[in-house]
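Working through the structure, step by step
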Amino acid sequence: MADLKKVKIAFLIALVCILNILTPAKVKAYAEYTANSDYNRMLKNTACVELPQNPVSKKSLLFLSALGFFSSTNKAVIKPSDILTKEEALSIILNSAGRQQDAFVRAEKLEQKRPSGSKLVKPYNYLYLGYIQLAYDLKIISKKEYQDAMAQVQPGFKEHQKMTEDLIKKNNEIVSKAVYEGRPYSYDDLVFVRSAPATRQEVCRWVVLTFRIPQSYENLARLYPDYDKIDSKFLSSINTLLKNGAIVGRSDGYLHPDDYITYEEIGFILYNLKDYILKANGLKKEAAEINGIQRYPDKMVITCENDSGDDISILLFPPKQDFVVITDQKAALASLLQQGDYVELYVNNKNQVVLAEVLSKAGTVSAKGVITKIDSKKNTIQIKLSDGKIYNLQVSPKATIYDTRLQKMVKLSDLSAGNMVEATFKKERLDSLIILSYQDQDINRVQGTISLISNDRIILNTNGKPVSFLLSPDTVYIDRGDFTRVLSRNDFYQGMKVLVGQYCGYAQYISTTFDERAEDVAYGILYEIDANLSYVEIYNQDGVKKSYRFSKKLGLKVIKDGRAASLNDLSQGDIVYLYFNGDFIRSITARTNSQTKIAKIENLKKDPLTGVPQKIYLNIDGRVYGPYDLGDDVEVVKDGRKAGLKDLSPGQFVKVTGSFFGMSANIKKIEISTNEYVKNIYLAKVSIIGGDLYLSDVSILRNNKFEKLYDYRRFKIPSDAVFVVDGKRQSGNFSLQNFSAVVITKDRFSQEVPGMIFALSKGAYSAVYGEITGKSADAVFLQGEWYNLNQNSCIVSNGLLSNASLKSGDEIIAVTDGKNLIVAKYREAVSKPIIVRGEVLEISDLEYIKLKNYVYLDKQNGWQFVSTPVVFSYDTQTVFCDVYGLNSPKDIPGLLNKSVYIVHDGKYAKTIIDASFGGYIVVGTVGKNGQLVNPQYHDMITKTWNKITTNPVLDLSGAVLIDASGEIAQVLPQYGDEVILLVSQSDFDLNKATLKPSVVIVNY
């Protein structure tokens, strides 16, 4: 029996082995797809999208536009940075969920219900209402939001003004808060306005509700510094998208939930919810590698293998049937594909490939390193990687080179050995190159003392060991880690403590360190040197004259403009750095500093006996500097002829030549200009009513770009205003009614008045940005188009209407009518006002403080909001920094995430004040009994000055006092002093007999 049992077991084992041999390990599956016939429409959809540089953003925008999800916005051009309205955002989200037809049906039904003669044909009033109706039906928006939206029309000027005023009276605090946070002062805080901008947190909620995404209650949002800005009703939706990786913070590390959303941001959200979109639209995706492409006279066959090893065949009949292919660069057709490409296929329920996304190109390599050699004649470069590997690459004629530091495309000739780059190449042929930022996370930072610095090398002593790095033409020399404070190589010398940011042996930047003691260094404009009495006298950046000693016995080393020099080589006006050992200066580095600035004379201080100006206050880029001393040797020129200091007067526009350093200057020459300062440039719709010029649908040129204003502008038309209508100068009385216009205003003695008004009866003006790449006698080539220059074309340079001629290479912001260049302004630095308030975003060990969502004080126009962050140095060692409310400037890090005032000089935070926000600005004169005489307050909503009928008594208990120079004062305002009062919302009540400001600025 035992033997029989063994025989049966052996037989079964043998049978299993035979069956295994005869049965295949796996039977390969096979799928056959065809291309679709809608590819032309899909490709056309992508043509209207301006692609950003970010590869992920490119793919997301191409993906969504190819599938037609942006079509409801009815825009000829979609810019990634454009802000979406609520109705636009809802339409895109519902389109992505495959609900376009449902919205169209609802729009038609709504239209049919309207009485004859009142049909709405514009997408604003017709199609979007279908999406609003659908959003309400799907419970994406509330009943109140739905009722608000359906009741709205586009209000005219008077209706908008009345609606706003009525709501402000009832809800002043809510709207004022919106203004301070930089949101439009419209009724949108109280009413759901479908044409108002959508916020990031609103979109999160709509997306989650539309796609029915399972909600996450894990509070990931609390990890962001601005967690408190999230409205509670949006929190779970934000956490859900954070959990799904569909929303991230912006580059500053903040979530910005209440900021307006852009096309690039909504694209990122939806692209990362691709699986939900595919399911809603009946699509499936399949990743596959292309094994072969066969082309026949009437068809094309693409063979692939998916990740499971199954074979796929795609049949195409170009040009009848094809499919769109998107990469991180563009959208094209299937002919773009090649063997070895790894792609994601999107297939509909008819087994048709409607879209393909290239995940990686065959044979393409991406590498990060530094450029070590460049041969412009042979079009080759050499790149060294961090592991020592070297690639010699031929630069393709079509290769794109993008500089993240300049944020623009550059040429091969603009590259330098030592540039830190990310290269994409195939078979040693470079396809794209990105020059990386000086602040890239892979840059290694090394601190030490300079042992040697030459034209091409720096050697540091780090803990007794020498370390050598190569220098390149693009090595940046900065002061105390601040890339806005640019130095030159001549400012660095043997024995100096520095921080070197290096990558692959090249110094990307060299910075002075931030740990110098107060007595180690002083700097400013040289005023006087006395070799006999052994002292040096300078004006520091605060405008204060100071003297320092040196010792003849110890000796003094002098370097000027990078070369060894003597005391006799130093000149008044030179920028000097004084380095100490103990109480004595041991070395001086100096550089020649002659600059020319366009300015407006704000005020003059004159000798009471002779009447000759002795000091001058200058308005440079909207910021008042001074008082600057005027010596007898200052050269004054007027109308091309020699003049004197007595010819200077407030309100004049001048060109000033001299040495400038913070609040100090050594003025050599003043040329008086006959032109007026350009205040603003607007793009708008204009109408003339009576003697007033009304601007609506306004954009303003600010911070080197046109920004949308959500209010109206009204100006009295001065007698010397120049009108150019349809290319012809006009004189006498005429009418403009809703014309497209460019309005250039002047700053005439602190009043904004129209100077030049260009108007079109048909068509519209548009803005163009970029570099002039071609120039003829009467035209310029910009952004691929020629634009004519004529006798009416205006050029704005250094704040003045200029006769300067444009040339190739100039970076400009311009406005055109499609054929002619109307106005062009050179890109320039953004002016920084003296008093700002914002939320502290970052406080660095390199002693700088960064504010976000800040406002600056404009005495004429009130608080002005700026959306981009601003950075100031706070040097508690060599520059006095007063911090109100703290025991010591060392406690500054405790201000993180707080909202504070900062009084600054353009670079340094001179005074930091932790006090409540004075949203209301009140001006007046201090009376004998502590009353405020002739008081006026600035209304944040209407942006107008309004008289206060009473004379309130000032309650200055707890108020912070600031004098005219921006310093914290200890003496209370005196009788006759002009004051600016910053009064918080809770303390502003015109019915009370007292006025309690949080901050008082005296004689500002």
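None of these values were measured; they are calculated from a predicted model. (Residues numbered from 1 in each chain as written. Predicted model: local features only at pLDDT ≥ 70, side-chain atom pairs only at ≥ 80, totals over all residues. Heavy atoms only, no water.)

Comments concerning the overall build of the chain
Assigned secondary structure in the chain consists of 13 helices and 65 strands. Counting across all 1004 residues of the chain, residues that qualify as buried make up 50%. Residue pairs at least 24 apart in sequence account for 60% of intrachain contacts in the chain once pairs closer than 6 positions are excluded. (Helix = DSSP H or I, 4+ residues; strand = E, 2+ residues; numbered from the N terminus. Buried < 20%, exposed > 50% of the residue type's maximum accessible area, 1.4 Å probe, protein only. Contact = heavy atoms within 4.5 Å.)

Describing the pattern of salt bridges
Side chains bearing opposite charge may pair, as long as their charged atoms lie close to each other. A complete count under the given rule lists 18 salt bridges for this structure. Salt-bridge contacts for D38 lead to R41; the nearest nitrogen and oxygen are separated by 3.7 Å. Take D38: its relative accessible area is 39%, and that puts it in the partly exposed class. Its salt-bridge partner being E88, residue K75 comes within 3.8 Å of it at the nearest N-O pair. Of this pair, K75 sits in the loop between α3 (55-66) and α4 (86-96) while E88 is found in helix α4, placing the two residues 13 residues apart along the sequence. Taking the relative accessible area as the measure of exposure, K75 reaches 28% and is therefore partly exposed. Put simply, K59, K274 and E357 are held in one network by salt bridges that share partners. (Salt bridge = Lys/Arg side-chain N within 4 Å of Asp/Glu carboxyl O.)

Things to note about the sheet that holds strand β59 (residues 932-939)
Overall, mixed pairing links the six strands, which are arranged β60-β59-β58-β63-β65-β62 in an open sheet. Only two strands of the sheet have a single partner each, and these edge strands are β60 (944-947) and β62 (960-962). The average undirected angle you get between the axes of adjacent strands in this sheet is 25°. Relative to β59, strand β58 (residues 920-926) runs antiparallel, the two sharing five bridges. Its bridge partner lying in β59, T925 is registered against V933. (Pairing = 2+ DSSP bridges. Axes fitted to C-alpha atoms, helices over the stretch in contact; angles between N-to-C directions.)

Looking at helix α5 (residues 100-112)
Between its first and last C-alpha atoms α5 spans 19 Å; for 13 residues at 1.5 Å apiece the expected length is 18 Å, and the two agree. Within the sequence span of α5, burial applies to Q100, A103, A107, L110 and E111. For α5, the angular spread of the buried residues around the axis is 100°, confining them to a single face. For α5, the exposed residues set more than 90 degrees away from the buried face come down to Q101, K109 and Q112. Buried residues in α5 make contact with α4, α6 (127-137) and α7 (143-150). (Expected span 1.5 Å × (residues − 1). Arc of directions from axis to C-beta.)

Some thoughts on the packing of helix α10 (residues 200-211) against helix α11 (residues 232-243)
Running from amino to carboxyl end, α10 crosses α11 at an angle of 70°, the nearest separation of the two axes being 8 Å. Considering their axes alone, α10 and α11 lie roughly perpendicular with respect to each other. Judged by residue contacts, Q201, E202, C204, R205, V207 and V208 of α10 engage K233, F234, S237, I238, T240 and L241 from α11. Grouping the amino acids of the contact of α10 with α11 by side-chain chemistry returns six nonpolar, three polar and three charged. (Parallel < 35°, antiparallel > 145°, perpendicular 65-115°, else oblique. Nonpolar A, V, L, I, M, F, W, Y, C, P; charged D, E, K, R; others polar.)

Some thoughts on the packing of aromatic side chains
As enumerated under the stated definition, the model contains 16 aromatic pairs in all. Ring geometry for F70 and Y263: centres 5.6 Å apart, planes at 85°, overall edge-to-face. Of this pair, F70 sits in the loop between α3 and α4 while Y263 sits in helix α12 (residues 263-271); the two residues are 193 residues apart in sequence, bridging distant segments of the chain. The buried category is assigned to Y263, whose relative accessible area is 0%. Taking 4.8 Å as the distance between ring centres and 55° as the angle between the ring planes, the aromatic pair formed by Y391 and F425 counts as tilted. With Y391 in strand β11 (residues 390-403) and F425 in strand β13 (residues 420-426), this residue pair connects regions lying 34 residues apart in the sequence. Comparing Y391 with F425 shows no difference in burial state: the two are buried. Taking the ring centre of Y296 as reference, the NZ or CZ of K299 above it sits at 5.4 Å. Over the aromatic face of Y527 sits the side chain of K545, whose NZ or CZ is 4.0 Å from the ring centroid. (Phe/Tyr/Trp six-rings, centres within 6.5 Å; stacked < 30°, edge-to-face > 60°. Lys NZ or Arg CZ within 6 Å of the ring centre and 35° of its normal.)

A look at the pairing of strand β49 (residues 811-816)
Counting buried residues along β49, five of its six residues qualify, which places the element largely inside the surrounding structure. Two elements, strand β44 (residues 766-775) and β49, share six bridges in a ladder whose sense is antiparallel. Of the residues in β49, the one forming a bridge with S766 is T816. Pairing between β49 and strand β50 (residues 821-826): five bridges, direction antiparallel. Considered in β50, the bridge of A814 is made with A824. As consecutive antiparallel partners, β49 and β50 are separated by four residues, and within that stretch G818 has a phi angle of approximately 105°, a positive value.

Focus: the confidence of the model for the chain
Averaged over all residues, the pLDDT of the chain equals 81, while 83% of them reach at least 70. This stretch, residues 179-188, has a pLDDT under 50; its non-local contacts, to residues over four places away or in other chains, come to 38 contacts. Across residues 514-519, confidence stays below pLDDT 50; counting only partners more than four residues off in sequence or on other chains, it has 15 contacts. (pLDDT = per-residue confidence, 0-100.)

Structural notes on the side chain of Q502
By the secondary structure assignment, Q502 is in strand β20 (residues 497-503). Among the polar contacts made by the side chain of Q502, one reaches the main-chain amide nitrogen of G505 at a distance of 3.0 Å. Discounting chain neighbours no more than four positions away, the residues touching Q502 are I443, N444, V446, F469, A507 and Q508. (Polar contact = N/O pair within 3.5 Å; in protein donor to acceptor, adjacent residues only side chain to side chain.)

What about the nonpolar core?
Of all hydrophobic cores here, the largest spans 67 residues; its most connected members are V203, W206, V207, L241 and L355. With sequence-adjacent residues up to four places away left out, L241 is seen in contact with C204, V207, V208, I213, A246, I247, I269 and L273. With 25 residues, the next largest nonpolar core counts F469, I510, Y523 and I575 among its residues. (Core = buried A, V, L, I, M, F, W, Y, C linked by side-chain atoms within 4.5 Å.)

Remarks on α7
Of the positions making up α7, those classed as buried are E145, Y146, D148 and A149. With its buried residues spanning 165° around the axis, α7 presents them on a single face. The secondary structure elements touched by the buried residues of α7 are α6 and α11.

Section: empty space enclosed by the protein
One pass over the full model with this rule turns up five cavities of 30 Å³ or more. For the second largest cavity, the calculated volume is near 40 Å³. Around the second largest cavity, the lining residues are I948, T950, P952, D989, L990, K992, T994 and L995. (1 Å grid on protein atoms, 1.4 Å probe; cavity = no way out; pocket = protein on both sides within 12 Å on 5 of 7 lines; lining within 4 Å. Points joined across faces, edges and corners; volume = space filled by probe spheres on them.)

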